[in-house]
Amino acid sequence: MSRLAVVFGGSRGIGRAVSQLLAQRGHRIVLLSRNKEGAQATAQSLPGENHLGLSCDVSKEEEVQKAFETINKTCGTVAFLVNAAGINRDALLLRSKSEDMLSVLHTNLLGSMLTCKAAVRNMLSHGGAVVNIGSVVGVKGNAGQCVYSASKAGLEGFTRSLAKEVASRNIRVNLVAPGLIHTDMTAGLEEAAAVRTIPLGRFGEPAEVAQAVLFLLESPYITGQILLVDGGLQLLM
Ligand code: NAP
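Within each chain, residues carry numbers counting from 1 in the order of the written sequence. Predicted model: local features are reported for residues with pLDDT of at least 70 only, side-chain atom pairs are reported and counted for 80 or more only, and whole-chain, interface and lining totals are derived from all residues. Side-chain metrics in this entry use all non-hydrogen atoms of the structure; hydrogen atoms and water are not considered.

### Some thoughts on the site of the ligand
Then, in step 1: We call a residue near a molecule or strand when any one of its heavy atoms sits within 4 Å of it. In the neighbourhood of the ligand, 29 residues make up the surrounding shell, with Ser-11, Arg-12, Arg-34, Tyr-148 and Thr-183 lying closest.
Then, in step 2: Contacts described as polar in this section are N or O atom pairs within 3.5 Å, which, within protein, must combine one atom able to donate a hydrogen with one able to accept it, while residues neighboring in sequence count only if both atoms come from side chains. Here an oxygen atom of the ligand and a backbone polar atom of Gly-179 are 3.2 Å apart.
Then, in step 3: Taking Ile-181, its main chain carries an N or O atom lying 2.8 Å from an oxygen atom of the ligand.
Then, in step 4: Protein contact buries 95% of the 880 Å² of open area that the ligand shows by itself.
Then, in step 5: Only Asp, Glu, Lys and Arg are considered charged in this grouping, and only Ala, Val, Leu, Ile, Met, Phe, Trp, Tyr, Cys and Pro are considered nonpolar; every other residue, Gly among them, is considered polar. Looking at the shell around the ligand residue by residue, the classes come out as twelve nonpolar, twelve polar and five charged. Areas reported here follow the Shrake-Rupley algorithm with a probe of radius 1.4 Å; residue values treat only the protein chains shown as occluding.

Structure follows, in structure tokens:
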């Protein structure tokens, strides 16, 4: 059955791969990012018709509310939500600027809370599924990523708690925690050194994370789970 899927951060990287896979499965996609042209271009590139690309900064409540008003008016009720909008501002805590700390927390953590709040309202009568994108760094911690790690660890607590709040409405909430994935976010890393810490010996691809997201969206008896998609990285961290 074709459902309406909303993917925040869907213009690039992991969110784009999720959008592609969901569109291949016949779902209608609304994907959002700050850059409107980027969102629209990705929406147009998806298989199938009627996909939509919108501009929205997830860290701003007004923009999230407006986006859901547009989605509901033009496309109907949301069944799937994927929160893949995220940023990093990696630095040791002593060198982190408070405006960067706030940007990371507001985008990665508050942003997902705001989109979940709006989407869950949509799902109350017919059920639905949410997948938040966390990180292996949220599970394990990493020097130089205190704030990013806190934003992702916060998402885990949020995911488990919201799963408990909305289970009686047949709304499931899970989290995928990727390791090192080939996207713009990791483009600056020294790959040769980084792969030595990964048991499977390579970075993951966005499509490999998308597979796990699809699995959780479509698995009717899984909720409140944290699924690592990291080539075994967490085993050595
Ligand atoms: P990416 O390629 O940089 O893509 C990030 C996406 O988020 C883009 O579509 C970007 O579009 C959007 N975005 C950023 N800030 C936003 C905001 N305030 N409001 C709305 N959209 C926003 O990064 P990625 O690697 O795919 O990351 C996706 C998620 O996976 C993030 O949460 C990241 O933390 C997580 N993750 C990534 C890795 C990895 O190795 N790549 C590992 C673990 C976890 P605009 O710039 O146009 O807004």
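### Topic: the nonpolar core
Then, in step 1: We call a set of buried residues a nonpolar core when its members are Ala, Val, Leu, Ile, Met, Phe, Trp, Tyr or Cys and they connect through side-chain atoms within 4.5 Å of each other. When a residue's accessible area, from a 1.4 Å probe over protein chains only, is under 20% of the maximum for its type it is buried; when over 50% it is exposed; and in between it is partly exposed. Ranked by internal contacts, the top residues of the largest apolar core, which has 33 residues, are Val-6, Phe-8, Val-30, Leu-32 and Leu-81.
Then, in step 2: Of all the secondary structure elements, the ones that give two or more residues to this core are β1 (4-8), β2 (28-33), α3 (61-74), α4 (98-123), α6 (146-166) and β6 (171-178).
Then, in step 3: It is α4 that contributes the most residues to this core, seven residues altogether.
Then, in step 4: What makes two residues a contact is simply this: any of their non-hydrogen atoms within 4.5 Å. Look past the residues within four positions of Val-6 in its chain and what remains in contact with it is Val-30, Leu-32, Ile-71, Val-78, Phe-80, Leu-81 and Val-82.
Then, in step 5: Counting 27 residues, the second-largest nonpolar core is a separate cluster that includes Ile-29, Leu-31, Ala-212 and Val-229. Helix and strand labels come from DSSP, where a helix needs a run of H or I of at least four residues and a strand needs a run of E of at least two; each type is numbered from the N terminus.

### Considerations on the environment of Gly-224
Then, in step 1: With respect to the secondary-structure elements, Gly-224 resides in the loop between α8 (206-218) and β7 (226-229).
Then, in step 2: Apart from residues lying up to four places away in sequence, Gly-224 is in contact with Arg-160, Ala-163, Val-173 and Asn-174.

### Focus: the state of the cysteines
Then, in step 1: Only a pair of cysteine sulfur atoms within 2.5 Å qualifies as a disulfide here. The full count for this structure, using the stated rule, is zero disulfides.
Then, in step 2: Of the cysteine sulfurs around Cys-56, a residue in no disulfide, the closest is that of Cys-116, at 13 Å.

### Some remarks on the packing of aromatic side chains
Then, in step 1: Only Phe, Tyr and Trp rings take part, Trp by its six-membered ring, and two of them pair if their centres are within 6.5 Å. Stacked means planes under 30 degrees apart, edge-to-face means over 60, and tilted covers everything else. The final tally for this structure, using the stated rule, is one aromatic pair.
Then, in step 2: Aromatic side chains Phe-8 and Phe-68 sit 5.9 Å apart centroid to centroid with 25° between the ring planes, which places their arrangement in the stacked category. Separated by 60 residues along the polypeptide, Phe-8 in strand β1 and Phe-68 in helix α3 bring together distant segments of the chain. As far as the burial class goes, Phe-8 and Phe-68 line up, both buried.
Then, in step 3: Positioned over the ring face of Phe-80 is Arg-3, at 5.2 Å from the centre of the ring. Throughout this description, the term charge over a ring refers to an Arg CZ or Lys NZ atom that lies within 6 Å of the ring centre and within 35 degrees of the ring normal.

### As for the pairing of β2
Then, in step 1: Across the six residues that make up β2, a large majority, five, are buried.
Then, in step 2: DSSP bridges decide pairing: two strands pair if at least two such bridges lie between them. Where β1 and β2 come together, five bridges link them in parallel fashion. Bridging from a neighbouring strand, Leu-4 pairs with Arg-28 of β2.
Then, in step 3: Looking down the strands as they point away from you, a crossover is right-handed if its path from the first strand over the helix to the second goes clockwise. Crossover connection from β1 via helix α1 (residues 13-24) to parallel β2: handedness right-handed.

### Description of α8
Along an α-helix, residues three or four apart share an orientation, since each turn contains 3.6 residues.
Then, in step 1: Between its first and last C-alpha atoms α8 spans 18 Å; for 13 residues at 1.5 Å apiece the expected length is 18 Å, and the two agree.
Then, in step 2: Along α8, the residues that are buried comprise Pro-206, Val-209, Ala-210, Ala-212, Val-213, Leu-214, Leu-216 and Leu-217.
Then, in step 3: Contact partners of the buried residues in α8: α1, β4 (80-83), β5 (128-133), β6 and β7. By this rule the span expected of a helix is its residue count minus one, scaled by 1.5 Å.

It is worth stressing that arrangement in space is one thing and function is another; only the former is reported here.
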